[in-house]
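# Fold and geometry: a report
What follows is each chain in one-letter form.
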Amino acid sequence: MTVPTPNRSYRLAVGSYTESYGDFRARGNGISVVGLSDEGAFRHVGSMFLPNPSYLRHSEIHDRIYATIETPDSRAALASLELPRPGARLRVSARISVKGRLPCHIDLHPLGRWIACACYDTGNVLVKALSDHGDFDPHSGSEILRTGSGPHPVRQTRSHPHGANFSPDGRWLLVPDLGTDELAAYPFDPHTGAFGMPLTWRAPAGSGPRTLAFSNCGRFIALVSELSSEVSSLQWRDGAVEEPARLSSRGPAEESNGTGNTASGLRMHPDGIHFGVANRGDDSISIFRLESRTGSIQRRLTFPSGGRKPRDFGFSPCGRWLVSANQDSDSCILFEVDFQSVPVVQRVAMVAVRSPSSVCFLSDRQD
């Protein structure tokens, strides 16, 4: 399947860490909005302070940005931001505290009524309703507290859910748990926000499942495991999961150099069959092709992310651009990509953003 690449301009939001914790380096200023021209030029549009917005999602239904406030204390929260119009500034329109620490990932229900969040440090996974205007309903939804551990003596002493992803039909919430080596699929009632008892798939011990994305057909899941630096193709059958394939997230040259590496961001390309995975340590991004009939995966290329410690990256909706967020280089790098017969990646531009944590494309209009 080929994605057309018309000339378009975009805006993207970039979250950045403002406060250090653990071994995280943080010197950012919150959320920046950056313009991207159809010729591949960046420019700053606006910014605002928000503590540690580690992950961002754009709601087209509500025309808002939703962000996690990833702090290890009582400030941990979800925030809703109104998108700026020409001449206006970003502002927080709603905010809700979460019962947990280090909320690191959010997802929006396909119908736009619910938002899900995973709290890495404490094992909390929660769902809250959104109003017609996109505000949080504090008395809605449900919450679970995950427990368990894995063999890694530091990273897996307890449950660490690193994602909360709705299935394409909105009837399941999938939670990859880095601490327990599990992918839990919870039945989800879109009328009440209630969870059912999960179906659980166990990843290899010590692999540390981190985050996932569905293919466009909805039959397969791409899953990245942080600790083992691997990607899996998972066949999805209404809550049941099987693993047709598993590969290293690293390129052959990177594997041979022996450098310590942890896999991080995973994004599906708009064509629904290619996806990328970022590697911290190798400081690279690998592109894979997912075979839509069998679920087999093939690494097509690995290229430098353009900086140190790429935590996240994003594809433009047209599929032409890839923007990497290099946390320890205070930069976002723009690449022009083409994954047809011979994959091509060309570095185009750079924009300075301190301690970038997440990339989120917003729209095709240029302010």
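About the thresholds
- Residues numbered from 1 in each chain as written.
- Predicted model: local features only at pLDDT ≥ 70, side-chain atom pairs only at ≥ 80, totals over all residues.
- Heavy atoms only, no water.
- Helix = DSSP H or I, 4+ residues; strand = E, 2+ residues; numbered from the N terminus.
- Rg over C-alpha atoms; globule rule 2.2 N^0.38 Å.
- Buried < 20%, exposed > 50% of the residue type's maximum accessible area, 1.4 Å probe, protein only.
- Areas by Shrake-Rupley, 256 points an atom, 1.4 Å probe, with all protein chains shown as cover.
- Lys, Arg positive; Asp, Glu negative; His and termini not counted.
- Charge placed at Lys NZ, Arg CZ, Asp CG, Glu CD.
- Pairing = 2+ DSSP bridges.
- Axes fitted to C-alpha atoms, helices over the stretch in contact; angles between N-to-C directions.
- Core = buried A, V, L, I, M, F, W, Y, C linked by side-chain atoms within 4.5 Å.
- Contact = heavy atoms within 4.5 Å.
- pLDDT = per-residue confidence, 0-100.
- Salt bridge = Lys/Arg side-chain N within 4 Å of Asp/Glu carboxyl O.
- Phe/Tyr/Trp six-rings, centres within 6.5 Å; stacked < 30°, edge-to-face > 60°.

### Remarks on the overall build of the protein
Each helix and strand in the protein was counted, giving one helix and 28 strands. Here the C-alpha radius of gyration of the protein, 19 Å, is about what a compact globule of 367 residues would show, namely 21 Å. Taken along its principal axes, the extent of the C-alpha atoms in the protein is 50 × 50 × 40 Å. Considering the protein as a whole, with its 367 residues, one finds that 61% of them fall into the buried category. By element, 48% of the accessible surface of the protein is carried by carbon and sulfur atoms, the whole surface being about 14200 Å². If the 39 positive side-chain charges of the protein are averaged to one point and the 38 negative ones to another, these points end up 3 Å apart.

### Considering the sheet that holds strand 5 (residues 64-69)
Taking strand neighbours across the sheet as the criterion, the four strands line up as 4-5-6-7 in an open arrangement whose pairing is antiparallel. In this open sheet, the two strands that pair with only one neighbour each are strand 4 (53-59) and strand 7 (91-97). With strand direction ignored, the average angle separating the axes of adjacent strands in the sheet is 20 degrees. Here strand 4 runs beside strand 5; their pairing, made up of five bridges, is antiparallel. Looking across to strand 5, one finds that P53 is bridged to I69.

### Here we look at unusual backbone geometry
The backbone of L102 shows a phi angle near 55 degrees, a positive value even though the residue is not glycine. Relative to the elements of secondary structure, L102 occurs in the loop between strand 7 and strand 8 (103-108). Look at L102 and you get buried, because its relative accessible area is 6%. Of note, D181 is a non-glycine position whose phi angle comes to about 60 degrees, a positive value. Judged by relative accessible area, which is 4%, D181 ranks as buried.

### Some remarks on the sheet that holds strand 27 (residues 344-352)
With respect to topology, four strands assemble into an open sheet ordered 24-25-26-27, the strand pairing being antiparallel. Across the chains shown, the open sheet's two edge strands, defined by having one partner strand only, are strand 24 (310-315) and strand 27. Averaged over all pairs of adjacent strands, the angle between their axes in this sheet comes to 25 degrees, without regard to strand direction.

### Here's the deal with the nonpolar core
Ranked by internal contacts, the top residues of the largest apolar core, which has 17 residues, are L12, L36, F42, V323, C332, L334 and F361. Those elements that provide at least two residues to this core are strand 1 (10-16), strand 2 (31-36), strand 25 (321-326), strand 26 (331-338), strand 27 and strand 28 (356-363). Sequence-distant contacts of F42, defined by excluding residues within four places in its chain, comprise L12, V34, G35, L36, V323, C332, L334, A349, M350 and V351. In this structure, L50, L56, L83 and L362 belong to the second largest nonpolar core, which totals 16 residues.

### Section: the confidence of the model for the protein
Atomic detail in the predicted coordinates should be set aside for any region of low pLDDT. The predicted model of the protein averages 93 in pLDDT, with 96% of residues at 70 or higher. For the stretch residues 1-5, pLDDT sits under 50, and the model shows eleven contacts to residues farther than four places along the chain or on other chains.

### Structural notes on the pattern of salt bridges
Tallied over the full model, the rule gives 25 salt bridges. Notably, a salt bridge pairs R311 with E70, separated by 3.9 Å at the nearest N-O pair. Here R311 is found in strand 24, whereas its partner E70 is found in the loop between strand 5 and strand 6 (77-82), with 241 residues between them in sequence. Comparing R311 with E70 shows no difference in burial state: the two are buried. In this structure, D121 and R101 form a salt bridge, with 3.1 Å as the shortest nitrogen-oxygen distance. One end of the pair, D121, is in the loop between strand 9 (114-119) and strand 10 (124-130); the other, R101, is in the loop between strand 7 and strand 8, with 20 residues separating them in the sequence. Its relative accessible area of 36% is what places R101 among the partly exposed residues. Among the charged side chains, a network of salt bridges with common partners joins R146, D177, E182 and R202.

### Brief notes about the packing of aromatic side chains
Enumeration over the complete set of coordinates arrives at twelve aromatic pairs. On the basis of an interplanar angle of 90 degrees and a centroid distance of 5.7 Å, the ring pair of F214 and W236 is categorised as edge-to-face. In this pair, F214 is assigned in strand 16 (residues 209-214) and W236 in strand 18 (residues 230-237), connecting sequence segments 22 residues apart. Here the two residues F214 and W236 agree in accessibility, since each one is buried. In textbook terms, an aromatic cluster arises when at least three aromatic residues are bridged by ring pairs, as seen for W114, F166, Y186, F188 and F195.

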